[in-house]
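# Summary of structural features
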Amino acid sequence: MVSSAAAPIETETPALVLRDFGDGPFGIYIHVPFCATRCGYCDFNTYTAGELGTSASPQSWLEALRGELATAAERFAALPTATPEVATIFVGGGTPSLLGGDGLADVLDSVRANFTFAVDAEVTTESNPESTSPQFFERIRAAGFTRVSLGMQSAAQHVLKVLDRTHTPGRAVAAAKEARAAGFEHVNLDLIYGTPGERDSDLDASLDAVLSAGVDHVSAYSLIVEDGTALARRVRRGELPAPDDDVLAARYERIDARLGAAGLTWYEVSNWAAGDSARCRHNLGYWDGGDWLGAGPGAHSHVGGVRWWNVKHPARYADTVARGGLPAAGWEILTADEQHTERVMLTVRLRTGLPLNELAPTESAAATRIIADGLAVRSGDRLILTDRGRLLADGVVRDLLT
Ligand SMILES: C[S@@+](CC[C@H](N)C(=O)[O-])C[C@H]1O[C@@H](n2cnc3c(N)ncnc32)[C@H](O)[C@@H]1O
Ligand code: SF4
């Protein structure tokens, strides 16, 4: 835990300091820590039924979630500024669709019982293609969800196999169409590119499939070999090659060209949308300085420059909530320098760019070099990545901050 000299407004046991809300939008993230099976590349805080045994279940999780939301609402009510209306809710995981339509409706009810939603609130749930159906989408639409994000990853069977995905190549597109038929205007498909064994033709097939689904949003992530995962062990043993940087760059360019030609424009380095209203407002809140409550095991929160993170294991999470207080494992008040670093790292990845007037003199000098190198342009008072700059976004951030 890190603390600072800032005057605490409220003290939590053990000593979690809350500060007043900032000016940005307020969102709520709910973490669902359950998956039917674990994908070899994934290091998210999620557990299979076998891993949990009898220590935790969706029922004990939901009960604890209700407790956490009630406590958070109570704590926020003690702050000087009234708790803002909830502009966005994002139920993520893990596999939220494992809860079923009724379970997700219960989750939303538990948020509504404690917070006021804005009339135009964006309410997203992640879903895995194999645990959805037309009835599921109809149920969650009726419950108040407005947006669905589906993990497709690839349309190539052999790629899905390397990724340990359990759905068939066609299931994600079918699910996206079912979601649209159930009245969801906003549907996202997640792609992973650069998987060992993926060929250019596999990526093209994935993009054909995405574009046939009629979705208004696509997220595409290069495969990250996370330490401690089954994928990392397979790469270390030489069973699978590590993703190649040049291949990843070429794939990114291919994705951007094909999505762009179809009217899906990038608005963040890994995210494309069919117009401004199709952008994920919840994620924009993270990237552009909003406040959010993250509820559920391991979830992170950020309100007014204070960041805290919950205990990770669902059984410990439920125990901690039952004892009262917020289930925070740790917290920190971000210094002005840390807030600046985060802001640079996140806003430079946005199409709207980084406000140049926020840069320190050495950073401004770095920005001038970055523009001269063709990695970014100045547009008004903003620094905006070029196509080449998007491929080298991490390097641009390093150059700006060193
Ligand atoms: C954590 S998952 C949750 C959603 C859902 N369980 C699913 O798998 O579709 C969210 C997205 O993160 C991406 N992801 C997770 N681990 C990744 C990794 N190691 N490399 C690249 N993308 C990853 C995948 O595209 C996935 O759809
Ligand atoms: S990628 Fe999704 S389904 Fe696979 S283990 Fe991670 S959270 Fe679960």
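Let me sum up the structure you'll find in this document. The structure displayed is predicted, hence computed values, not measured ones.

Residues in close proximity to ligand 1 total 17 residues, the closest being Gly94, Asn128, Gln153, Arg165 and Asp190. Here a nitrogen atom of ligand 1 and a backbone polar atom of Tyr41 are 3.1 Å apart. Protein chains shield 92% of the accessible area of ligand 1, which is 550 Å² for the free molecule. Where the shell around ligand 1 is concerned, the elements lending two or more residues are strand 6 (147–153), strand 7 (186–193) and strand 8 (217–222).

Relative to strand 17 (residues 382–385), strand 16 (residues 376–379) runs antiparallel, the two being bridged by four bridges. In the sheet register, Ala376 faces strand 17, and the bridge partner there is Leu385. Between strand 16 and strand 17, which pair antiparallel and follow one another directly, the connecting turn spans two residues, one of which, Gly380, has a positive phi of 60°.

Attention now goes to the site of ligand 2. If you check the shell around ligand 2, you find Cys35, Arg38, Cys39, Tyr41, Cys42, Gly94, Thr95, Asn128 and Arg165 and nothing else. Of the residues belonging to the shell around ligand 2, the class tally is four nonpolar, three polar and two charged.

Moving on, we come to the nonpolar core. Residues Ile30, Trp61, Phe76, Phe115, Phe137, Trp308 and Leu400 are the most contacted members of the largest nonpolar core, which totals 97 residues. Among the elements that take part in this core, helix 2 (residues 58–77) stands out by supplying eight residues, more than any other. Apart from residues lying up to four places away in sequence, Phe137 is in contact with Thr132, Val148, Leu150, Ala175, Glu178, Ala179, Ala182 and Phe184. Within the second largest apolar cluster, 12 residues are counted, among which are Tyr41, Cys42, Ala156 and Val235.

We now examine the pattern of salt bridges. Under the defined criterion, the tally for this structure stands at 21 salt bridges. The closest approach of N and O atoms between Arg258 and Asp204, which form a salt bridge, is 3.5 Å. With Arg258 in helix 9 (residues 245–261) and Asp204 in helix 7 (residues 200–212), this residue pair connects regions lying 54 residues apart in the sequence. A relative accessible area of 22% means that Arg258 is categorised as partly exposed. One salt-bridge network, held together by shared partners, links Asp204, Asp208, Arg254 and Arg258.

Next up on the list: the environment of Asp23. Mapped onto the elements, Asp23 comes out in the loop between strand 2 (17–18) and strand 3 (26–32). Along the backbone, Asp23 and Asp291 are 268 residues apart, and their C-alpha atoms lie at a distance of 8.4 Å.

Inspection of every chain in the model, using the stated rule, returns 11 aromatic pairs. Where Phe136 meets Phe137, the ring centres are 5.3 Å apart and the plane angle is 75°; that geometry is what we call edge-to-face. Residue Phe136 is classed as buried on the basis of its relative accessible area of 6%. Given a relative accessible area of 0%, Phe137 falls into the buried group. Considering the side-chain rings of Tyr286 and Trp292, the 4.6 Å spacing of their centres and the 70° angle between planes classify their relative orientation as edge-to-face. Note on Tyr286: relative accessible area 22%, which makes it partly exposed. Each member of the aromatic cluster is reached from another via a ring pair, and the members are Phe21, Phe26, Phe76 and Phe115.

About the criteria used
- Residues numbered from 1 in each chain as written.
- Chains lettered and ligands numbered in written order.
- Predicted model: local features only at pLDDT ≥ 70, side-chain atom pairs only at ≥ 80, totals over all residues.
- Heavy atoms only, no water.
- Near = heavy atom within 4 Å.
- Polar contact = N/O pair within 3.5 Å; in protein donor to acceptor, adjacent residues only side chain to side chain.
- Areas by Shrake-Rupley, 256 points an atom, 1.4 Å probe, with all protein chains shown as cover.
- Helix = DSSP H or I, 4+ residues; strand = E, 2+ residues; numbered from the N terminus.
- Pairing = 2+ DSSP bridges.
- Nonpolar A, V, L, I, M, F, W, Y, C, P; charged D, E, K, R; others polar.
- Core = buried A, V, L, I, M, F, W, Y, C linked by side-chain atoms within 4.5 Å.
- Buried < 20%, exposed > 50% of the residue type's maximum accessible area, 1.4 Å probe, protein only.
- Contact = heavy atoms within 4.5 Å.
- Salt bridge = Lys/Arg side-chain N within 4 Å of Asp/Glu carboxyl O.
- Phe/Tyr/Trp six-rings, centres within 6.5 Å; stacked < 30°, edge-to-face > 60°.

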